Amino acid sequence: MKVFLTILICLIIFSACKENPVDTVFFDFSGNRGVYIVNEGNFMYGNSSLSFYDTDSKRVYNQVFQARNGAPLGDVAQSIAIWNNLGFVVVNNSGKIYVIDSRTAEFKGTISGLSSPRHIHFVHSQKAYVTDLYARKITIFDPQTLQITGKIPVGNSKSEFNQHSTEQLISYKNLVFINCWSYDNKILVINSDTDQLIDSIEVFKQPNSMVLDKENKLWVLTDGGFEGNPYGYEQPGLLKIDAETREVERSFRFARGEHPLNLCINPTRDTLYFLNRHVWKMATGEKRIPEQPFIESKYTSSYGGFYSLAIDPETSEIYLGDAIDHRQNGLVYRYSRNGKLIDEFKVGISPGDFAFKKD
Amino acid sequence: MKSKSKILTTTHFKAILCCLMVLFYAEDIVAQKLNDTISIQEVQVFGKKKIEESGLLITHIDTMQLQMMKTLTVSELLSSYSPIFIKSYGRGSTASASFRGTAPSHTQVYWNGIKINSPMRGDVDFSLFPVYFIDDISLQHGGSSLQSGSGALGGSVLINNKPDWTDRLSIRYVQTIESYATAKEYLNVGFGNGKFQFKTRVFSDRSKNNFPYFNYGVLPMRETTQTNAGYSKMGLLQEVYTRLAKHTFSAKLWAHQSNRDLPQLMSFEGDTRVETQDDQNIRGIINWKYITEKSKLEWVGGVNLNELNYFRSSTEASFVNFDSRSKEKSFSNQINFDWKPRETLSLNWSFNTSYHQVSVFDRAQQLGYDQDRIELSLLNSIHWQPKPQVSLSFLFRSELYDSQLIEFIPSIGMEYFTDKKQQSSLKLNLARNYHQPGLNDLYWIPGGNPDLKPEDGYSGDLAFAFSKKNKKMTFSGQLTGFASLIENWIVWQPSAGGAYYWEANNLRKVFARGVEIQTSVHTTIANAVSFDLRGNYSHAATSNIDAVPSVDESRGKQLIYIPKHKANLFAEAAFKNYYLKINAPFTGKRYTSSNNVESDYEKVLNPYWLFNLTGGRRFEFKPFRVDASLSIENLANTDYMAILWRPMPGRYYSLTFQFSYKK
C-alpha cells in the first residue's frame, strides 16, 4: 500500500508542476520601415501568427502578437491592412479582426461577430469595408471606434451557388471593385458614397486577385476552379478591364492544370507580378504572357514552393513566402527589383499576406 | 498578467490538494489494514499460451477493467489501459487511435471478426463504442495483426461478444449521473439455457457538456463556459446464440446513433455558428461454426452500414457552409478452417471477400463522389510447437483490391520459454505489411489522387514476457521493443503546383520505433486488503526520414500530435465490500509543427497526468446485487489541452448505481 501511496503522491506533485508564465515582450517599431507578415497557420489549429521584418536592419521578429499580448492570434489569419498606425489583422476562421498598434504590436481592440472575413479596405477615416467568403454581405465598420456601422448585401438569389463570396477590394474614384472568387465569376462595383452595389463585371471563373494599373485598367487573375468542380472548370486566365467603361479590353489564358495566383503591381503601376509555380513579371503593355519566369522556383518535388507574393510599394523589392510542407515555420525570400536575392528568413506557419509599414 | 495570476493560483491549489490527499489516504489505509481478506481473480497481462497465439504479440485487456470502465467509451478504455495513444477532441467528441506512433488509419478494428474501419477515411472513431457493449477486447501489436487482416501498420484492436452459457436469467441496470448535465443509462437482459442464449443491451448517454473554463485564447482573457459541445448517443446490441452438438450458430445486431454539436476553438469570436455531426451505424453478423475434436470450420457473414452527416451553418447570414452526407455500405464474407492435427500443431486457412460502397455528397458545396471497392484476402498460417519451450508461427496473406494484387504479405514469429515452468519467454516477430489508401484519399474532390500507391511497411518486434507467482503475490510483465519502416506514407498537403486545395500524395518514408512496457502486481496486505497495481508505458518515436526540399526541417522529427511518451497507472485496493480505485493516464509532450519547433510563443502541447478516483461499495441481497460508486474525474483539476485550443474540463464528478439480478 505504501508503494501505491508513494506513487500517487509523486504523480500528483508532478502534475502540479506548471511551466512558468511567459513575460510580455515590448516592441517598438516606431520609425522603422518594415513589413508585417501574416502567417495563416493551419485550419482548426488556431496557430496563425504575426511576424515583423525590419527592412533596414534585416531583423525578423516572430510571434509578435502572442509575445506582446500573451494570447494567440487565432485560427487562419487571412490578411493585414495598416491604416493610421493601426494594423487590422483579419482572422478568418475566428470570425474577427484584431486591431493592433502597428508601432508596438499592442492589442487595441476587436471587431467580432463576423462570418468568414477576408480583406479590409479603408474608404475614409470613418468607413472601412470587410469582405467575406460566406456572409453574402460587405460589413462596414468605423476604423476609429471599431464599431460595425452597416452592411452592403451582395447576395445573388439567382445562383444555385453561394454568391457572392467577396475577396479583394480596389478603389477607383468613388467606386470600389471587389472580386468574387469562390464558385463565382464576377467583379462587383460598389459606390462608396452611398454604400450601394451598382454594377458587376463578368470575368472568367474564380477571379482570385486583381490590381489597378497607371492607366486605370483593372487586371484580374482567375484560377478556373478545379477538376470536378460543380461550378465548372476552365483554363485559368488574366483579364484587362477598363475601370471607367468596365469593358474587358484584353484577355489571356493559361494552360489547364496551372494555378496562377497572387497578382501584384509595382509602385509605378506599369508591371504586373504573379505566381504560377515560379514568379512571373509582365509589363502592362505586353500582348502575351511571358514565356520565361522572372524568378524560378527550385522546387522539383511535389510539395513546397512559392505560396505568397508582395511588392514593396516604395522600393519595388519582391517578398516571397514559402510554406514548405505547411506544417512547419515557413520562409520569406526578399529579392531586389532585378530579381537578386537580398535576404531570407524564417517566419510562422504558411506565410500568406504582407503589409508594408512606412515609418 | 491575468494569465500569470491564474496559473499561480492553480499551482497553489494543487499543492494544498496534494497535502490533503496524503492525509486522506494515510487514514484510509490504517483503517483498511484491520480487515479480512477477499479473493480476487488472477490477472494476466500478456497473452494466453494458446497454440494459435504462439509467436504473436497479443494483449488481452482484463475483464475487471472492462467492468470498471463499463460506463465509458472504448476510447477512454484504450487511453487508460493500453499503450495506444488516443487523440480525442474532448468529452464525447471524435477520438482516433495512434498505435505505435502510426496514423489513425493504421489501426484496424474488428468486431467479432469483421473489420469496421471506415472505407472512406480508413480510421475508426473509438468514442462511438461503449465499453458496456463489449465482453472481450484484445490488441494485436505490429506484424501480429496480420493474423486478423492486413493494413494494421500499428496494430489491431479486436472487440468481441461472447455468450455466457450458464446464464438462465440476468438483468443489469446501470445509472450514471455526472457533472455538466450528463446522464447515462445502460440495461442488459439475458436469458437462456445451455443450448440457447439471448442477450439484449441498450444504452443512452447524453450531456450538455457545458463545463466552465478559463479562456486564454481571446483578448481580454476571461472565465467562460463551453458552448455547443453537447451530445447524445444511444445504441442497441442484440445477440442470439445456439449450440447443437457440433454446430454453433450466432447472430448479432448492433445499432448506434450519435448526435453531436461541434464546439469552436477557444479563439473563435465570430457570428453564431451551428456545427453538428450525426453518426448512424448498423452492423450485423451471422456466424456458424462446426467444431470437431481436431478442427473448426467457421463462416462469418457481416454487414456494416454507416452514415455520417456533417453540417455547418452561419445563423446570422442564414447560410449553409457544409451539409454533407457520407454513406458507407460494407459487406463481408469469411470462411475459416482451423486444423489441429496435434496439440502442438495448428494450421489455419481463411478466405475473406469484402465489398465496400461509398457515396459522399455535400448539398451546400454540391461536391461528392460515388465509388466502390472489392477486396479479397487469403490467409495461410501455421503455428507449431516443436519442443515444449519453443513455438513457431508463420503466416502469409495474398490480397487483391481493385486491380492491385499483393501476392505475399508474410509474418514470422517465434516464442522461446526461458524456464521450464513457462513463466518467462522471449518473442520475436518479423513482418511485412501494407495499407491500402482510403477511398477519400483516392477520390475526394478536389485533391483525391487515384494514382496513390499502398503504404508499405516492414516491422519487427522483440519481447520478453515474465510472470512470478507465490502465495501472496502475482507479478507479471512484458517488455517489447519494436521498429517499423513505412514507405509511401500518405499525406494531404498543398502541392508545389500552387493549387489552393490540398492533395493526397505518397510523400513520406516514416520510421517508427519504440518500447512498450506492461506490468501487473496483485497482492494481499495484512490478509485484509487486496491490492492491484498495473502500469503501462510506451515510447514511440515516429519520424519522417524522407524530407525532400533542402529547407524542410521536418526530417528526423517526431510526427505532429503523436507523443513520444505515453503511460498509465491503475491501482485498486479492495476491502470487504468497499473498493477504491485510481487510474492515472499520462500523455507526453506533443508537437504541433512538423519541424518540432518549440519556443515561448510557439505552441507545443505540454505533457499532462490525469487522475481519476473512484470509491464504491457493493451490497449483496441475493439474488440481487447493488453497486454504488462515486468518481472524481481530473482529481487534480489539471489545466491541459489535448488538441490545440480546445478546452478540456477541470475536476468533475460522477455517481453510478448498478443493480443486477442473476438467477
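Because the structure is a prediction, the values reported are computed rather than measured. (Residues numbered from 1 in each chain as written. Chains lettered and ligands numbered in written order. Predicted model: local features only at pLDDT ≥ 70, side-chain atom pairs only at ≥ 80, totals over all residues. Heavy atoms only, no water.)

## Looking at the overall build of chain B
Counting its secondary structure elements, chain B contains four helices and 32 strands. Here the C-alpha radius of gyration of chain B, 25 Å, is about what a compact globule of 663 residues would show, namely 26 Å. C-alpha extents for chain B along the principal axes are approximately 70 × 65 × 45 Å. For chain B, with 663 residues in total, the buried portion stands at 60%. Taking as baseline every contact in chain B between residues at least 6 positions apart, the subset at least 24 positions apart corresponds to 63%. A total of about 26,700 Å² of accessible surface is found on chain B, and carbon and sulfur atoms cover 59% of it. (Helix = DSSP H or I, 4+ residues; strand = E, 2+ residues; numbered from the N terminus. Rg over C-alpha atoms; globule rule 2.2 N^0.38 Å. Buried < 20%, exposed > 50% of the residue type's maximum accessible area, 1.4 Å probe, protein only. Contact = heavy atoms within 4.5 Å. Areas by Shrake-Rupley, 256 points an atom, 1.4 Å probe, with all protein chains shown as cover.)

## Comments concerning the overall build of chain A
Each helix and strand counted, chain A has two helices and 27 strands in total. Its C-alpha atoms give chain A principal-axis dimensions of about 85 × 50 × 45 Å. The buried share of chain A, taken over its 359 residues, is 64%. The contacts in chain A between residues at least 6 apart in sequence include a share of 43% that link residues at least 24 apart. Of the accessible surface of chain A, which amounts to about 13,600 Å², a share of 44% is contributed by carbon and sulfur atoms. Charge separation in chain A, taken as the distance between the mean sites of 38 positive and 41 negative side-chain charges, equals 1 Å. (Lys, Arg positive; Asp, Glu negative; His and termini not counted. Charge placed at Lys NZ, Arg CZ, Asp CG, Glu CD.)

## Focus: the interface of chain A and chain B
At the junction of the two partners, chain A supplies 79 residues and chain B supplies 85 residues. Our count for the contact surface shared by chain A and chain B stands at two salt bridges. Measuring nitrogen to oxygen at the nearest pair gives 3.7 Å for the salt bridge that ties E553(B) to K346(A). The interface formed by chain A and chain B holds 18 residue pairs in polar contact (both at pLDDT 80 or more) in total. Those elements that provide at least two residues to the side of chain A that touches chain B are α1 (2-16), α2 (64-69), β6 (96-101), β7 (107-111), β25 (329-335) and β26 (341-349) of chain A. Here the side of chain A that touches chain B gets ten residues from one element, more than from any other, and that element is α1(A). (Salt bridge = Lys/Arg side-chain N within 4 Å of Asp/Glu carboxyl O. Polar contact = N/O pair within 3.5 Å; in protein donor to acceptor, adjacent residues only side chain to side chain.)

## Things to note about the sheet that holds strand β16 (residues 207-212) of chain A
Each strand in a sheet pairs with another by means of backbone hydrogen bonds, the pair being arranged parallel or else antiparallel. Residue and element names in this part refer to chain A. Within the open sheet, the four strands sit side by side as β16-β17-β18-β19. Their pairing is antiparallel. A strand with exactly one partner marks an edge of an open sheet, and here the two such strands are β16 and β19 (248-253). Pairs of neighbouring strands in the sheet enclose a mean axial angle of 15 degrees, with direction left out of account. Alignment of strand β17 (residues 217-222) against strand β18 (residues 237-242), held across six bridges, turns out to be antiparallel. Paired with K217 across the two strands is D242, which belongs to β18. (Pairing = 2+ DSSP bridges. Axes fitted to C-alpha atoms, helices over the stretch in contact; angles between N-to-C directions.)

## Comments concerning the sheet that holds strand β1 (residues 58-61) of chain B
All names here are of chain B. Pairing in this open sheet of five strands is mixed, and the strands run β1-β6-β7-β4-β5 from one edge to the other. Of all strands in the sheet, those with a lone pairing partner are β1 and β5 (114-115), marking the two edges. As paired elements, strand β4 (residues 107-111) and strand β7 (residues 155-160) share five bridges and run parallel to each other. Within β7, the residue paired with W111 across the bridge is I159. Here helix α3 (residues 74-81) sits on the sheet and contacts β1, β6 (136-141) and β7; the angle it forms with β6, its principal contact strand, is near 55 degrees.

## Focus: the environment of Q357(B)
Residue and element names in this part refer to chain B. Note that Q357 resides in strand β18 (residues 345-362). In sequence terms Q357 and F331 are 26 residues apart; their C-alpha atoms lie 8.9 Å from each other. Apart from the residues within four sequence positions on either side, Q357 is in contact with K327, E328, K329, Q371 and D372.

## Notes on α3(B)
The buried fraction of α3(B) amounts to six of the eight residues, a majority that puts the element mostly inside the structure. The complete set of buried residues in α3(B) reads V74(B), S75(B), L77(B), L78(B), S80(B) and Y81(B).

## Describing the nonpolar core
Residues Y36(A), L50(A), V64(A), L73(A) and V89(A) are the most contacted members of the largest nonpolar core, which totals 46 residues. Secondary-structure elements contributing two or more residues to this core are β1 (34-39), β2 (49-54), α2, β4 (77-83), β5 (86-91) and β6 of chain A together with β11 (212-215) of chain B. Of all the elements, α2(A) adds the most residues to this core, at three residues. Those residues within four positions of V89(A) in sequence are excluded, and the remaining contacts are V38(A), L50(A), L73(A), A77(A), S79(A), I80(A), K96(A), I97(A) and Y98(A). (Core = buried A, V, L, I, M, F, W, Y, C linked by side-chain atoms within 4.5 Å.)

## So, the confidence of the model for chain B
Reading fine detail from the predicted coordinates is not recommended where pLDDT is low. Residue and element names in this part refer to chain B. On average, chain B scores 89 in pLDDT, and the residues at 70 or more come to 92%. Of the regions scoring below 50 in pLDDT, residues 1-48 engages in 97 contacts with residues more than four places distant in sequence or in other chains. The complex prediction reports pTM at 0.90, with the ipTM value standing at 0.93. (pLDDT = per-residue confidence, 0-100.)

## Observations regarding unusual backbone geometry
Residue P446(B) is reached from I445(B) by a cis peptide bond, and omega for that bond is -5 degrees. Topologically, P446(B) is positioned in the loop between α4 (439-443) and β23 (455-469). For R277(A), which is not a glycine, the phi torsion comes out positive at approximately 70 degrees. Along the chain, R277(A) turns up in the loop between β21 (271-276) and β22 (278-283). Relative accessible area serves as the criterion here: at 33%, R277(A) is assigned to the partly exposed category. Within the chain, W645(B) stands out as a residue other than glycine whose phi angle is a positive 55 degrees. What makes W645(B) buried here is its relative accessible area of 4%.

## Some thoughts on the packing of aromatic side chains
All told, the structure shown has 58 aromatic pairs over all chains when counted by the stated rule. Judged by centre distance (5.5 Å) and plane angle (55 degrees), the rings of F129(B) and W254(B) are tilted. Of this pair, F129(B) sits in the loop between β5 and β6 while W254(B) sits in strand β14 (residues 247-261), placing them 125 residues apart in sequence. Of the two residues, F129(B) and W254(B), neither departs from the other in class, the shared state being buried. In this structure an aromatic cluster arises from ring pairing among W111(B), F126(B), F129(B), Y132(B), F133(B), Y186(B), F203(B) and W254(B). We note R253(A) situated over the ring of F204(A); from NZ or CZ to the ring centre the distance is 3.6 Å. Here the basic side chain of K87(B) rests over the ring of Y561(B), its NZ or CZ set 4.3 Å away from the ring centre. (Phe/Tyr/Trp six-rings, centres within 6.5 Å; stacked < 30°, edge-to-face > 60°. Lys NZ or Arg CZ within 6 Å of the ring centre and 35° of its normal.)

## Notes on the pairing of strand β2 (residues 85-88) of chain B
In the case of a regular strand, side chains alternate between the two sheet surfaces. Residues and elements named next belong to chain B. By the bridge criterion, four bridges tie β2 to strand β3 (residues 95-98) in an arrangement that is antiparallel. Bridging from a neighbouring strand, S88 pairs with A95 of β3. In this antiparallel pair of consecutive strands, β2 and β3, the connection spans six residues, and G90 shows a positive phi of 130 degrees.

## What to know about the pattern of salt bridges
Applying the stated rule across the entire model yields 41 salt bridges over all chains. Of the charged contacts in the structure, one is a salt bridge between D199(A) and R246(A), with a shortest N-O distance of 2.9 Å. With D199(A) in strand β15 (residues 196-202) and R246(A) in the loop between β18 and β19, the pair connects residues that are 47 residues apart, well separated along the chain. Relative accessible area serves as the criterion here: at 30%, D199(A) is assigned to the partly exposed category. Between R201(B) and D135(B) there is a salt bridge, and its shortest N-O distance comes to 2.9 Å.

## Details of the pairing of strand β8 (residues 117-124) of chain A
Where burial is concerned, most of β8(A) is hidden: six out of the eight residues are buried. The antiparallel hairpin formed by β8(A) and strand β9 (residues 127-132) of chain A contains two residues in its connecting segment.

## Some remarks on the state of the cysteines
Summed over all chains, the structure comprises zero disulfides over all chains. As a non-bridged cysteine, C180(A) has C264(A) as the owner of its nearest cysteine sulfur, 20 Å distant. (Disulfide = S-S within 2.5 Å.)

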